[in-house]
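Chain residues, written in single-letter form:
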Amino acid sequence: MVATSGAQTPQTTAEPAGRVLGVDIGGSGIKGAPVDLERGDLAEERHKVLTPQPATPEAVVECVAEVAGHFGWTGPVGVTFPGVVTGGITRTAANVDPGWIGRDTRSLLADRLGLPVTVLNDADAAGVAEMAFGAGRGRNGTVIMLTLGTGIGSAVFTGGQLVPNTELGHLELDGHDAETRAASRAKEDEDLSWADWARRLERYLSHVEMLFSPDLFIIGGGVSRKAEKYLPLIKGVRAEMVPAELRNNAGIVGAAMTAARNRTERG
């Protein structure tokens, strides 16, 4: 679905049954939409605002509030964050303002929105959605979801269970933080051809494969839309490689799914 931006009149409909709002915080944009939990898809056109610079906690929280307000939302909210999240506290902040480190982000958002909030790592959220409704559906071996964008996010599943906060984009590769070499931003910043970037991605995937021996790599992020331009060029990886099926909506869907599950568990 096409992202929209700018101020719009909030909708006034009450929260429909079977829907939860998902919001995905990214380095360049903050986007969200109500999610139909039965279909695993957006129930309405997503709303997107630009990520403020600097992306301080207070500024980003206001953007999340704008997204929620656009839909007149009154129920639970799932929010992704580009870093390690444990117990609602953000522990790292590689591509956003360092002021996030150590913040109780769940409480910060819940206080601003006045709603129950679940916060989780962005790649974990995307992986949860892909395992339930996308390319990982029915796969019970070791599956690694990688989101290629400003950095590289990762979500590792074994037997269908998530190992949270793996952050495999920060593995050292040839003396560099891996994501600075193989993220899609590196391709753009260095004006690499698809073939040159595919060689870097192959080197990275081979390193991850050596460590984890996955059965399947799911490649997500915006660049997954162009998978035919680079995945066929990668020859040195034994694991199956497929593009994410939910594309850039996976984080929104997974955030909503996790918030719904947490609501059920808390009664």
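A brief report on the enclosed structure follows. Please read all numbers here as calculations on a predicted model, not as lab measurements.

## Some points on the nonpolar core
Part 1: Grouped together as the largest cluster of nonpolar side chains are 52 residues, with contacts concentrated most on Val23, Ile30, Val64, Val77, Val79, Leu113 and Ile218.
Part 2: For Val79, the contacting residues outside a window of four places in its chain are Val23, Ile25, Val64, Leu109, Val117, Thr118, Val119, Leu120 and Ala255.
Part 3: In this structure, Leu168, Leu192, Val208 and Ile234 belong to the second largest nonpolar core, which totals 27 residues.

## Some remarks on the packing of helix H3 (residues 122–133) against helix H7 (residues 250–265)
Part 1: The N-to-C vectors of H3 and H7 enclose an angle of 85°; their axes lie 7 Å apart at closest approach. In terms of axis orientation, H3 runs roughly perpendicular to H7. Here Ala125, Ala126, Val128, Ala129, Glu130, Ala132 and Phe133 of H3 come into contact with H7, specifically with Ala250, Gly251, Val253, Gly254, Ala255, Met257 and Thr258.
Part 2: A breakdown of the residues in the contact of H3 with H7 according to their chemical character gives 10 nonpolar, three polar and one charged.

## Looking at the pairing of strand S5 (residues 77–81)
Part 1: Burial analysis of S5 places five of its five residues in the buried class, which makes it a mostly covered element.
Part 2: Pairing geometry for strand S1 (residues 19–25) and S5, over four bridges, is parallel. Looking across to S5, one finds that Gly22 is bridged to Gly78.
Part 3: Direction of pairing for S5 relative to strand S9 (residues 117–121): parallel, over a ladder of five bridges. Counted as the bridge partner of Val79 is Val119 from S9.

## Some details on the pairing of strand S10 (residues 142–148)
Part 1: Taking burial as the measure, the seven residues of S10 include seven buried ones, the bulk of the element.
Part 2: Taking every second residue as pointing to the same face, both faces of S10 are buried, with Thr142, Ile144, Leu146 and Leu148 on one and Val143, Met145 and Thr147 on the other.
Part 3: For S10 and strand S11 (residues 152–158), the ladder comprises seven bridges, and the chain directions are antiparallel. When the bridges of S11 are listed, Thr142 appears paired with Thr158.
Part 4: The turn linking S10 back onto S11 is made up of three residues.

## Considering the sheet that holds strand S16 (residues 240–243)
Part 1: Spatially, five strands are ordered S12-S11-S10-S15-S16 in an open sheet, and the strand pairing comes out mixed. Looking at which strands have only one partner, the edges of the open sheet turn out to be strand S12 (161–163) and S16. Neighbour-to-neighbour, the strand axes of this sheet turn through a mean angle of 25°, independent of strand direction.
Part 2: Here S10 runs beside strand S15 (residues 216–220); their pairing, made up of five bridges, is parallel. Looking across to S15, one finds that Met145 is bridged to Ile218.
Part 3: Its contacts with the sheet place H3 against S10, S11, S12 and S15, and it is angled at close to 45° to S11.
Part 4: Those strands touched by helix H6 (residues 194–212) are S10, S11, S15 and S16, and its axis lies near 150° from that of S10.

Cut-offs and rules
Each residue is numbered by its place in its chain's sequence as written, counting from 1. Side-chain atom pairs in this predicted model are given and counted only at pLDDT of 80 or more, local residue features only at pLDDT of at least 70, and totals for whole chains, interfaces and linings cover all residues. Hydrogens and waters are ignored; side-chain quantities use all the structure's heavy atoms. In this description, a nonpolar core means a group of buried Ala, Val, Leu, Ile, Met, Phe, Trp, Tyr and Cys residues linked to one another through side-chain atoms lying within 4.5 Å. Exposure categories follow from relative accessible area, calculated using a 1.4 Å probe and restricted to protein chains: below 20% of the type maximum is buried, above 50% is exposed, and the middle band is partly exposed. Only heavy atoms matter for contacts: two residues are in contact if any of them lie within 4.5 Å across the pair. Angles run from 0 to 180 degrees between N-to-C directions of axes, and those axes are lines fitted to C-alpha atoms, restricted for helices to the stretch in contact. Secondary structure is summarised from DSSP: a helix means a run of H or I of at least four residues, a strand means a run of E of at least two, and numbering begins at the N terminus for each. Comment on the angle field: the value is read as roughly parallel under 35 degrees, roughly antiparallel over 145, roughly perpendicular from 65 to 115, and oblique elsewhere. The classification used treats Ala, Val, Leu, Ile, Met, Phe, Trp, Tyr, Cys and Pro as nonpolar, Asp, Glu, Lys and Arg as charged, and all other residues, Gly among them, as polar. A pair of strands is considered paired only if DSSP assigns at least 2 bridges between the two.

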